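Structure at a glance
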Amino acid sequence: MAILPIVTYNDPVLRKKGEHVEEFTDETRQFVADMFETMYNSEGVGLAAPQVGVSLRIFVLDADNMMDEEDEKPGPMAFVNPEIIEKKGMKIPMDEGCLSIPEVTDKVVRPETVVVKYKDENFEDQEIEASGWLARVIQHEYDHLDGVLFIDYLSVFRKRMHKADLKEIENGERETRYPIKPKD
Ligand SMILES: [Zn+2]
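Below you will find a few notes about this structure. (Residues numbered from 1 in each chain as written. Predicted model: local features only at pLDDT ≥ 70, side-chain atom pairs only at ≥ 80, totals over all residues.)

**Overview of the overall build of the protein**
- Helix and strand counts for the protein stand at 4 helices and 5 strands.
- Its C-alpha radius of gyration of 16 Å places the protein within 12% of the 16 Å reference for a compact globule of 184 residues.
- Principal-axis analysis of the C-alpha atoms gives the protein an extent of 45 × 40 × 30 Å.
- In the protein, which comprises 184 residues, the proportion classed as buried is 32%.
- For the protein, the proportion of contacts with a sequence separation of at least 24, taken over those separated by at least 6, is 64%. (Helix = DSSP H or I, 4+ residues; strand = E, 2+ residues; numbered from the N terminus. Rg over C-alpha atoms; globule rule 2.2 N^0.38 Å. Buried ≥ 20, exposed ≤ 12 C-beta atoms within 10 Å, placed from the backbone. Contact = placed C-beta atoms within 7 Å.)

**Things to note about the nonpolar core**
- Counting 39 residues, the largest nonpolar core has Met35, Leu47, Phe59, Val60, Leu61, Phe79 and Ile138 as the members making the most contacts within it.
- When residues of this core are traced back to their parent elements, those giving at least two are helix 1 (26–41), strand 1 (46–48), strand 2 (58–61), strand 3 (77–98), strand 4 (101–119) and helix 2 (132–145).
- Phenylalanine 79 has contacts with Ile58, Phe59 and Tyr118, leaving out every residue within four places of it along the chain. (Core = buried A, V, L, I, M, F, W, Y, C linked by C-beta atoms within 7 Å.)

**Let's talk about helix 1**
- Taking 1.5 Å of rise per residue, the 16 residues of helix 1 would be expected to cover 22 Å, and the 22 Å separating its terminal C-alpha atoms lies within 8% of that figure.
- Buried residues of helix 1: Val32, Met35, Thr38 and Met39, and no others. Each buried residue of helix 1 sits inside an arc of 125° when the element is viewed along its axis, so together they form one side. Along helix 1, exposed side chains directed more than 90 degrees from the buried face belong to Asp26, Glu27 and Gln30.
- Check the buried side of helix 1 and you find it contacts strand 1, strand 2 and strand 3.
- One or two steps after helix 1, the chain reaches glutamate 43, where phi turns positive at roughly 55°. (Expected span 1.5 Å × (residues − 1). Arc of directions from axis to C-beta.)

**Observations concerning unusual backbone geometry**
- With a phi close to 55°, glutamate 43 is a non-glycine residue in the positive phi region.
- On the basis of neighbour count, glutamate 43 is assigned to the exposed category, with 10 C-beta atoms found within 10 Å.

**Focus on the pairing of strand 4**
- Direction of pairing for strand 3 relative to strand 4: antiparallel, over a ladder of 13 bridges. Counterpart to lysine 88 in the pairing with strand 4 is threonine 113.
- Counting the residues in the hairpin turn of strand 3 and strand 4 gives 2 residues.
- In terms of strand pairing, strand 4 meets strand 5 (residues 125–131) through 7 bridges, oriented antiparallel. Looking across to strand 5, one finds that valine 115 is bridged to glutamate 129. (Pairing = 2+ DSSP bridges.)

The values reported here are purely geometric and, on their own, carry no functional implication.
As structure tokens, this is what we get:
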């Protein structure tokens, strides 16, 4: 396995629409394993393929640590070609951050519950209804596959608050506790 460097804010790959995975090869399997290792190494709860510079519709997550004690813990999950087929419940604000935008967090309003169809790490069809933190992480990571970042949801005012941070990240001047892809 390998820890992959993470691309940061303003890298064009974060703005591309990821491509569907047509075939699940040994190479894809290895890539998913590397994504898990990269996510755990950076202490993230989720990681999408574009964040390691690969424009494919794949993300991984493990949100167990974020959940309440009484919640059912699904453990590590891989989502290949996911599709959010339903959004429901109240729209609620929750704090979000992103490994590609280190140390910037803000509140984002999203639906409480989502129903997602996807293929798992064995390329088998799955469907899940998720709420709470799990739904939150799924929606955040899913956005990455469409080139959307959580800061896109912020008001002009809130975005202005983060301007200096974003500039520092963009310039490659922010220190992280995990490997970052150097700027070209
Ligand atoms: Zn993110």
